[in-house]
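Here is how the chains run, residue by residue.
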Amino acid sequence: MYGLLILVINATVLTVPITSIPFIYTAPLGGCANFTAYVDHLSPWGIASVHAVSNTGALTKPTFQPYPTPKFVNGRVCGDFLTVKVERWRSLGPVVPVTVKGEDSVYVYQGVPLEVNGTAILRVKSFTPPQVEGDFYFKVWSTQSLGVYMEEYVVYSTAKISAYGIANITYISLSDTKADYYFVIPTAGVRVDGVKPWTPDFNLMFSPNQTAAVGRPRVVVEQIALPVVGQCNGTALVYNPVERPLQIYVKLTTGEEYVLNFYHLPTAVKTWLFKGATAKTVDGQDLPVYAVSTEDGLPVAMCIVEGPTYYVYVKVGDVVYKYPAEVREGAVEAYTDLVKPRVVLDVQGFNATVAPEVARLGTNVTVRLLLNGSVVAEYVVRAAPRLVINASSLYREMRVVDVLGSPIDRFAVYVGGLKFYGERGAAKIIPLADPVAVEINGVKYLVSVRPVVKLPTLTLESFVKMFVAAGAVGAVAAVGMRGRREEKKEERGGRDVVEV
């Protein structure tokens, strides 16, 4: 967490952690509301923009009260949602010097934008609606009369104004040593001496409780002691409360020491007794935790403190992976990019192994399929929670027939160390080797793997075919012999008759 955004909508106070930069937070409105938003003036972040958003996605800027800054804005907004953007700006001290550097008046022509650098109050009178581009600028007010647009802005960085008219610019410096006056911002552990109250001509807002002063300020910084609460006792000290990030030195009675970094000053340091650590795969499976340490590499002993980043170590084979963890009531929990792949097959009967059993998501793993203890296939795939393997594509169909082409009723095919059974002349095998052995009635034949294998044997079906064929041939032969005997009789009979 980089800090806190305090957002007040009507009477509702929201404390929003700033988790990234740039950071955009959206809150529901459902109408019109008064709002206030501010961030720590000592942090390097600032409010870059505030918009009202409608349900159609249209953006409108709210009406700000004079004079907003990147650290503090308030006003009134109407819309369905309120969105606040926090961006990197710069930090301000407990005492902000303000110097008015003079005024300038320039003509602004169409097509030639006016560029303003630094901090300035900008008042524009234009015959066309002014258009402003840039970061960290806020519209204070606007009106229109007799075709003339009059608007006022506060600019804190580079801004370009497109208009057709006159621009009056009041330049302001927030860092001069010889200031016209100061804004004193209450900060824990800081006391400002040598100033007295004063009422400036215009009041730039940096914090809710700021005061204006003149004189020669002297900033006195004192260390702060924070209470240590929870299940472990100890002390917590802030030696320099104006630095960002804040460094909080914690020493527990167990002997454990921490240096915590915060972009805001917490009210207390929370502690728990260490309840253990867990690590999860991508799909939520538990992983064995090898070790737990703090950000500086020291092992965790008895206590857990809110604030530091803890790391969980997971050992996979000879490789140790390190992951940041979250603290939940004394337990340390880390979500990793590791997976334990589970193999899903489209046919039954196989065993599958994955090496390595735990791997980073998307890295290569090796899947081996085993049938009766023999490796029948090996695949290299990307690690994922589910690995879908098409094992049915490993099988080939082989037909086994006898010398007459009749299918063998029952047989077995030996391929390497595997045995496949076939019926009615067909078997599905995994061709791991060539040749293979086909066993029929205890007799094995060594054959090459082909779609159709013909063996030197006869099935019962072939014997029947042969018997029927033999009977048919015998009948034909008998009929032929009878005919030949009758022909011979006729020939002999003809020779016995003698005509006189």
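Higher on the page you've got the structure.
This report concerns the structure included in the present document. On a predicted model such as this, the values are computed, not experimentally measured, just so you know.

A word on the packing of aromatic side chains. Taken as a whole and assessed by the stated rule, the structure comprises 19 aromatic pairs. Judged by centre distance (6.2 Å) and plane angle (70°), the ring pair of Phe35 and Phe64 falls under edge-to-face. Taken together, the positions of Phe35 in strand S3 (residues 23-39) and Phe64 in strand S6 (residues 63-64) put the pair 29 residues apart, joining distant regions of the chain. Given the relative accessible area of 4%, Phe64 is considered buried. Every member of this aromatic cluster is reached through a ring pair, and the members are Phe35, Phe64, Trp89, Phe136, Phe138 and Tyr156. The side chain of Lys322 reaches across the aromatic face of Tyr311, ending 4.3 Å from its centre. A cation over an aromatic ring shows up here: Lys444 above the ring of Tyr414, its NZ or CZ 4.3 Å from the ring centre.

Counting residues in each nonpolar core, the largest one holds 45 residues, and the members touching the most others are Leu5 and Leu82. Beyond its immediate sequence surroundings of up to four residues, Leu82 is in contact with Leu7, Ile9, Tyr25, Thr26, Ala27, Leu29, Phe35, Val50, His51 and Val77.

This brings us to the state of the cysteines. Two cysteines joined by a covalent bond between their sulfur atoms form a disulfide. Scanning the entire structure with this criterion turns up two disulfides. Disulfide pairing places Cys232 opposite Cys303 at an S-S distance of 2.1 Å. Looking along the S-S bond of the Cys232-Cys303 disulfide, the torsion reads about -95°, which is the left-handed sense. Placement of Cys232 in the loop between strand S20 (228-230) and strand S21 (234-238) and of Cys303 in strand S28 (residues 303-305) is noted, with a sequence separation of 71 residues between them. We note that Cys232, like Cys303, is buried. Sequence-ordered numbering of the bonded cysteines in the protein chain yields a pairing of 1-2, 3-4.

Counting through the fold element by element, Glu256 comes out in the loop between strand S22 (246-252) and strand S23 (257-262). In terms of polar contacts, Glu256 uses its side chain to reach the side chain of Tyr258, at 3.4 Å. Those residues within four positions of Glu256 in sequence are excluded, and the remaining contacts are Val250, Lys251, Ala301, Met302 and Cys303.

The rules we used
Residues numbered from 1 in each chain as written. Predicted model: local features only at pLDDT ≥ 70, side-chain atom pairs only at ≥ 80, totals over all residues. Heavy atoms only, no water. Phe/Tyr/Trp six-rings, centres within 6.5 Å; stacked < 30°, edge-to-face > 60°. Helix = DSSP H or I, 4+ residues; strand = E, 2+ residues; numbered from the N terminus. Buried < 20%, exposed > 50% of the residue type's maximum accessible area, 1.4 Å probe, protein only. Lys NZ or Arg CZ within 6 Å of the ring centre and 35° of its normal. Core = buried A, V, L, I, M, F, W, Y, C linked by side-chain atoms within 4.5 Å. Contact = heavy atoms within 4.5 Å. Disulfide = S-S within 2.5 Å. Polar contact = N/O pair within 3.5 Å; in protein donor to acceptor, adjacent residues only side chain to side chain.

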